[in-house]
Structure formats: structure tokens, C-alpha cells
Amino acid sequence: MGGQMIMDSKKVIYFYFIIALVLFSLQLPFGIYLASSYALSYPQWVVDLIPFSTARAVHTNLLVLWMLLGFMGGGYFIAMAEGGLNKIFSPFLALLQLIILFIAGVTGIIGFFFGWTQGRPLLELPFQMDLLVILGAVIFLLNITATMYRGWVQNRKFSAISFILLLGVIFTALLYIPGIFFYKNITMDWTAWWVVIHLWVEGSWELIASAVLAFLLAVLTGVDRKAINKWLYIEAGLVLFTGIVGIGHHFYWTGHPDYWLWIGASFSVLEPLPLLLMYWDAKRHLEHKPEFLSSLVGTLMFWSVVLHFIGAGVWGGFMTLPFVNYWTHGTQLTVSHGHLAFYGAFALLLFAVFYVLMSQFKGIKNLFEKRGVISFKIMTGSMIAMTLFFLMAGTIQVCLERIAGWSYVEAQEWMRWWMGFAAIAGAGFAAGAAIMVYDLFFLKEKSLNSK
Amino acid sequence: MKEKYLWLWFILPTLISAAVLVGLLKHSIKEIPIRTNADLLTEKVVAGKVALQKYNCNDCHTFFGIGGYYAPDLTKIYRKYGDGGRELLKDVILNPEKHFTGRRMKKFNITDSEIEAMMDYLRWTSNINNNDWPPVYSEKYGRKGNGGSNLLKAKKCLLCHRYNGEGGGAGPALSADFIRKSFDSKDSLRKFIINPQSGNKDSLMLPYGGAEFTEKELDDLVKFLWEGR
Ligand code: HEM
Ligand code: HEM
Ligand SMILES: [Fe+2]
């Protein structure tokens, strides 16, 4: 089949990024629609046509899909580079896998509009599509493992970064499995659901992210590998030590025994610690090469670790305390945390990967950064504003609905304005994102006369 | 530490944490059937869960606080209506456009057997022991504010009347404004509640009879309605 077809690994990885960026762009209008539904009361026919539920499923599934594709593309590159190779094991399989995952995701998302759904938040993808996803994941695992293996056999190269990355992708794939089944008992259902969602974002994705971060630091700042490896192991170990039992912070109110209140809390309040280390360590390495720190990619990486720590560590660490969570659980405060954490931890890091690799693939030596910097500023400013607006709405919700005991609907009346502001900030975010996506599609060399 | 052994810094904490989680989960999962009354999970109840997933209710509403935050948590919603309010709850789900005028809910084509199964399912979830959450239905924190709005619920007034955006549409909404226009004194309001037909022969309201209330409850309720808080 593809045997004699000569496919360039870099080109295939480039396709991953292009598709990830398209899906990212599509995610945003749905977010704006969601936030605006809180601010305005849409008429019945609009709600019947695109209910909030459908829009939310689309918004979140597109998010997961583009991020996974971004990590896969980046993962292939890292496996290749860390193995001292100039080709992944099979570019053809990588392309096939991209097509399979794209079809599964897009069919699933279009299906949501026609009520084809499993009806569980974030994991709405119907069983048939789940099987396609698993097929794609298996191809990916085989292909990336074979690439790393080849690097080992040919060049005796298998780094700490490859090791953590490989574990991260294997866990991500395995953890998907409990989420595809139907559970009769809702408590068991949420237990399986959190095994997927929590152990992803606070476990396996965190491994992938720390490997990607370590890789970028190693190749871009020229810091000694030994220092990078040491911190990578310690951070990843701490992330999993605190994060695995930390899943208990989702068992407080779902029908599990009450010992989770203190066990889950004890472990998960420590979760910010590795994130703080990651920030501190990345900052030190970035400062090692000041001219890089002030470049576009350096800025993206710096703000990624900052917002990762604040959004996930500080926001999450606060809500994980049982006596706080009792009142804040399932409010707009959760939304505020989710957005800042995802944006800082994964979105900004992936943007850095896109800029580094896409400009390298195009052979650009001295990147024209102005558009990138502007888009970064707009997106990050808007995202921070948006999470602050969600925070205001959430605080009102907690005070009125949870503490004062008002009815749900009455409390929502008082949150309208803040949700409206969040929608406006979301529009700003989308504008910034449009500039970035355009810029990434048409990267160019800094010319001599443009400064 | 030698570089060669650095990976132990990663693998050991991970294995310890994973072992702790597996051990705890094993125990915890054994407790779930008791805490959730799993013996009551009949096929019909499970059919309710299937139907709720079919219409993707969970992406607007939350269960146990998880899901979309666009609409109220449904875990214990059945407690608000009770068996006596089952028909009303069904109507809310089947004909949302009649009940919600502000933020709206999609009108689905839910079948008769599905809606019955949903009711049984919601009745089941409302009795799960989940460490006393959400606060509104909490035994410890309860619905705060005044005892009056608790009474409106407890005595099923809200099956027909609306208060604070909750309740049915068969009777008039119970604003203080409406109450004071309709009654000349607290005393006549009090008499009316015990026996609506005494003051107005044509009233369709159910006679509660004195036996339904303690004196204190009746005092609280009248004061609450008269003052609107
Ligand atoms: C990159 C890391 C993280 C991401 C992307 C993330 C994302 C999210 C998301 C999306 C939710 C909402 C899930 C839902 O109910 O639909 C959530 C909930 C939660 N997260 Fe995180 N999170 C991260 C890290 C953390 C950390 C480090 C902590 C604790 C120290 C934490 C604590 C919590 C808690 C307690 C909740 C439940 C909130 C509630 O009760 O409603 N998270 N997270
Ligand atoms: C145009 C910008 C955006 C707007 C206006 C927006 C708005 C929203 C709204 C209103 C929700 C529904 C929350 C609910 O159920 O009440 C939501 C969910 C979510 N969005 Fe966004 N969003 C935007 C961009 C993003 C981005 C860039 C990310 C990731 C980096 C993201 C990640 C999420 C996640 C993880 C959820 C589920 C949250 C949870 O379960 O707590 N969104 N978004
Ligand atoms: Fe979590």
C-alpha cells in the first residue's frame, strides 16, 4: 500500500497541527453561545434547535479532540528527535490514524446535533465512535513505541523525556476505556467518569505536558540535560503521587463513603506543589537564556507555567478543601477553574509547540513574531478576564443559592451580567485566536525592514 | 543520587499512590450498593437512566453537581415534588414551555414509558446517601432564611402556587402584594388557609383543616405570607 509512497514525517505532523487549529477555532463560537445563553434568554425555537446541552457537548469534545491531536503530533516529533531519527516509524500509519480520529470526532460531533449521544458530559461520543477512537489510539501507540524503539536500536537513544512521554500516552489511552460503557448505578458511572477525566487532566496529560515542556526547555535553552531530567522525574513523580489518590476530591458528594473527604483532600491539597516546582524550574531555565525568554515562544512557555500553577494549582487547591467544596461544587467557580487550568496547562503549551515546530518545518530561521505576540496578548488577557467574570458569577451563585438558600433560578438572575461579560471576553478571545491561527498558517521570516 | 536511579523518584511515588487508590476504591465500591440502595435499581429504574442519557439532560443539568451548570441539580429534585407532585414534575419535563418563561428548556418528544421510568429513576437518586449534598436539601443546613418557605414546600402549597419562581401554576402566585390585596387582615388569611370555602364559597383550594398545622406553624406561615419574607 503505502510502501513505496514516500511520505515526509514532518508533513504528517504538520497536518496534525493544522487540523488541531481548525478544531480549536470551531470550539470558540460554541463557548460564546454557551456564555451568552446565561446572559440572554433565547426564545424557545432557538433552544429547540441548538440546546445548551448540544452546544456544550460540541464545545468540550472539540477541546479534547484538538488537544489530543496536538499532543499526538508533538509526541511523534519528540519521539523522533529524542531517538536521533529524521523519520517516525511509519508516516503512513500516522496519517491513517489522523484520518480515523478526525472522522470519529467529526462524525460524533455532527451526530450531537441529531441527538446521537451517550448522554454523559464530556464523554458523549457514542460507542461506535469510541471504537474508532480506540483503533486510532492503538495505531498511535504502536507507531510511537516503534519510533522510540528504533531510536534505541539504531542510536542507543531513549531519554527520560521519551520515557515520561510514552507512559503519558499509554495511560491516556488505557484510561479512556472505563468511560465507554453504560453503568446502571450512577455512583459507579461517576466513579468511572472521574477515572477518565481526573486521571487524564491531573495525571496522564500532566505527564505528557511535563515531557513536552522539558523537551522544549532542553532544545531551546540549552540547559544541561541532567538538570532537566532530574526535575522531570521529581515533578512527574509528585504529580502522580498527589494526583492519583487526589481523585478522591471528586468522591465527596457522589455516594462514596465520607472518608474520602479527608483522604482526597490530604492528597489533592498537595497537587499544587509539583506545579509550583514546574513553574520555578521552568522560570530558572528560561532565564538562563534571557533573549529566548523574551521571544514569542519563551513568553508562551513562561505564561503557560504561570497560569498552570494559578489556574490548576491555586484555583483547584482552594476548591478541593471539603468545607469549601461543599458550597462551591458544581457552580461557575468550577467553570472558572476549568478554563484557566486548561488554557494555562495545555493550550499555551501547545501553542508554543505549534510555533516552534511549524516554523521549523517551514524552514524559518528568524520568525516574524509581531502577529503572534499580539494574538497572545489578546487571548491571554481575554482568558484572564473571562475567568474573573466566571469567578464573580460563581461567587454570587455560592452566596445566594448555596449559602442563603435562594432557588436556583432566582440566584441565576443576579449572575446574568457577569456571564454576559464572560461572553464578551470570549469574543475577544476568539478574535485573538483568529489572529494566531492565521499567523500559524502563514508564518513568515522577519524581514529586514519590518522591525 | 546517581543519575541511573533517578527514575525511581518517579516510579515509586506513583506505585504507592496507585496502590493506595486501588485499595481504597475496593472498599469504597463495596459500600456503594448500600449507600445507593442498589437493591431498588429495577429494570424500570435503569430505563429512566437510559432515557435521561438519550436526551442528554446531563449537559444542561447536573447530577451530584457534575454536568452542565445551566439548570438546577437533579439529584434530589424528586424531594421537592414528592410522590404527590409526580404529575406536576412530569408536566414540567414534558411541557417546559408552559413552566419556564425566562431561561428555557428544550421540548423533547419523550414517550409515556420513558417519562414514567424517569420519575422512578429520579425518585431513586433522591435517596442516595451522598454526604448531605446539595446544601438546599441538606439535613444540616437546610433551606435557610425563614421557616415560611420551608412550610410552603412541606405542606405542598407549591404544588399549585408559585413562590420565588418555584411551584405550580394552578393557583395564584403567593406574593405579599397579592396576599394583602386579597385579605383584609392576617386573621382572615389564617381562617382561609384552614378552610378556604368559609370565606369564599367558590374557592377551588383544598381545605387543609386545622389538623394539618400546629398553631406555631400556622402563625409562622401567615406572618411569612403577609410580610413576603
Ligand atoms: C491541568 C490541570 C487541571 C485541569 C485541566 C483541570 C480541569 C478541571 C475541570 C474541567 C473541572 C470540571 C469538571 C466537571 O465537573 O465537569 C475540574 C474540577 C475540579 N478540579 Fe481541576 N483541573 C486541573 C487541576 C486541578 C488541580 C491541581 C486541583 C487541586 C489541587 C483541581 C481540583 C479540582 C476540583 C476540586 C474540582 C471539582 C470542582 C467542583 O467540585 O465542582 N484541579 N477541573
Ligand atoms: C470563546 C471563549 C470561550 C467561552 C466564552 C467559553 C464558555 C464556556 C461556557 C459558558 C461553558 C459551560 C459551562 C457550564 O456548564 O455552565 C464552557 C465549558 C467548558 N469550556 Fe469553555 N469557553 C471558551 C473557550 C474555552 C477554551 C479556550 C477552553 C480550553 C482551553 C475551554 C474549556 C472548557 C471546558 C473544559 C468546559 C467544561 C467546564 C466544566 O465542566 O466545568 N473553553 N465554556
Ligand atoms: Fe480533579
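These numbers come from a predicted model, not from an experiment. (Residues numbered from 1 in each chain as written. Chains lettered and ligands numbered in written order. Predicted model: local features only at pLDDT ≥ 70, side-chain atom pairs only at ≥ 80, totals over all residues. Heavy atoms only, no water.)

## Examining the domain arrangement of chain B
All names here are of chain B. The cut-off we apply is this: All domain edges in this entry derive from an automatic or database-based domain assignment. Here, residues are in contact when the closest pair of their heavy atoms is within 4.5 Å. Two parts placed together each lose some accessible area under a 1.4 Å probe, and the buried area is that loss summed for both. One speaks of a salt bridge when a side-chain nitrogen belonging to Lys or Arg is within 4 Å of a carboxyl oxygen belonging to Asp or Glu. Side-chain atoms alone can form a polar contact between residues adjacent in sequence; in general such a contact is a pair of N or O atoms within 3.5 Å, and within protein one must be able to donate a hydrogen while the other accepts it.
Domain assignment breaks chain B into domain 1 (38-126) and domain 2 (143-227). For domain 1 and domain 2, the distance between their C-alpha centroids amounts to 28 Å. The partner domain 2 presents seven residues to the six residues of domain 1 that form the contact. Each partner contributes to the roughly 460 Å² buried at the junction of domain 1 and domain 2, and carbon and sulfur atoms together form 63% of this total. Three residues stand out in domain 1 for area buried against domain 2, namely Lys80, Leu88 and His99, and they jointly supply 70% of the buried area on that side. Our count for the domain 1 to domain 2 interface comes out at zero salt bridges. Between domain 1 and domain 2 we count zero residue pairs in polar contact (both at pLDDT 80 or more) in total.

## As for the coordination of the iron atom of ligand 2
Residues and elements named next belong to chain A. Short version of the rule: Here a donor is an N, O or S atom found within 2.8 Å of the metal, or within 3.2 Å if the metal is Na, K or Ca; sites may look incomplete because water is not among the atoms. Under this scheme a four-donor centre is tetrahedral when all angles range from 85 to 135 degrees, a four-donor centre is square planar and a six-donor centre octahedral when opposite donors are above 155 degrees with the rest from 65 to 115, and any other centre is irregular. Working definition: helices are DSSP H or I runs of at least four residues, strands are E runs of at least two. Numbering for both runs from the N terminus.
Within the protein, the iron atom of ligand 2 binds to His59 (NE2) and His339 (NE2); these donor distances fall in the range 2.0 Å. If you look at the iron atom of ligand 2, its six donor atoms make angles of 86 to 179° with each other, and the shape they trace is octahedral. With His59 in helix α3 (residues 52-82) and His339 in helix α14 (residues 332-361), this residue pair connects regions lying 280 residues apart in the sequence.

## Remarks on the pattern of salt bridges
This is how it is decided: The rule is simple: take the accessible area with a 1.4 Å probe, protein chains only, and divide by the maximum for that residue type; under 20% is buried, over 50% is exposed, in between is partly exposed.
Per the stated rule, a full pass over the model turns up 19 salt bridges over all chains. Two residues, Asp189(A) and Lys49(B), come together in a salt bridge whose shortest N-O distance is 2.6 Å. Of this pair, Asp189(A) sits in helix α7 (residues 186-221) while Lys49(B) sits in helix α2 (residues 43-54), each in a different chain. Side by side, Asp189(A) and Lys49(B) carry an identical accessibility label, which is buried. Across the pair Arg86(B) and Asp120(B) runs a salt bridge whose closest N-O atoms are separated by 2.9 Å. Here the residue Arg86(B) occupies a position in helix α4 (residues 86-94), and Asp120(B) occupies one in helix α6 (residues 112-125), the gap between them amounting to 34 residues. When salt bridges with common partners are traced through the structure, they connect Lys44(B), Arg86(B), Glu87(B), Lys90(B), Glu116(B) and Asp120(B) into a single cluster.

## Describing the site of ligand 1
Inclusion rule: Nearness here has a simple test: a residue counts as near a molecule or strand if at least one of its heavy atoms is within 4 Å of that partner. Basically, the charged four are Asp, Glu, Lys and Arg, the nonpolar ten are Ala, Val, Leu, Ile, Met, Phe, Trp, Tyr, Cys and Pro, and anything else, Gly included, counts as polar.
Lining the immediate environment of ligand 1, one finds 28 residues, of which Asn325(A), His329(A), Gly330(A), Thr334(A) and His337(A) sit closest. Nearby residues around ligand 1 are contributed by chains A and B. Elements represented by at least two residues in the shell around ligand 1 include exactly α7, α12 (296-319) and α14 of chain A. Of the residues forming the shell around ligand 1, the biggest block, seven residues, is contributed by α14(A). Looking at the shell around ligand 1, its residues break down into 12 nonpolar, 13 polar and three charged.

## Some remarks on empty space enclosed by the protein
Empty space among the atoms can be located by rolling a probe the size of a water molecule over them. To keep things clear, this is the line we draw: The way it works is a 1 Å grid over only the protein atoms, where trapped points that fit a 1.4 Å probe form a cavity and open points with protein on both sides within 12 Å along at least five of seven lines form a pocket, and then any residue with an atom within 4 Å of a point lines it. Grid points are joined across faces, edges and corners, and a volume is the space filled by probe spheres set on the points.
In the structure shown here, the tally under the stated rule is six cavities of 30 Å³ or more. Empty space within the largest cavity amounts to approximately 130 Å³. Along the walls of the largest cavity sit 13 residues, with Ile186(A), Lys49(B), Gln53(B), Asn58(B) and Phe63(B) positioned nearest its centre. Secondary-structure elements contributing two or more residues to the lining of the largest cavity are α7 of chain A together with α2 of chain B.

## Quick word on the site of ligand 2
Residues in contact with ligand 2 amount to 25 residues; listed here are only the nearest, Tyr38(A), Arg56(A), His59(A), His339(A) and Tyr69(B). Neighbouring residues of ligand 2 are not confined to a single chain but are spread across chains A and B. A distance of 2.8 Å separates an oxygen atom of ligand 2 from a polar side-chain atom of Arg56(A). A distance of 3.3 Å separates an oxygen atom of ligand 2 from a polar atom in the side chain of Gln332(A). Elements with a contribution of two residues or more to the shell around ligand 2: α1 (9-39), α3, α14, α15 (370-403) and α17 (416-441) of chain A. Among the elements that make up the shell around ligand 2, the one with the highest residue count is α1(A) (seven residues). Considering only residue class, the shell around ligand 2 consists of 15 nonpolar, nine polar and one charged.

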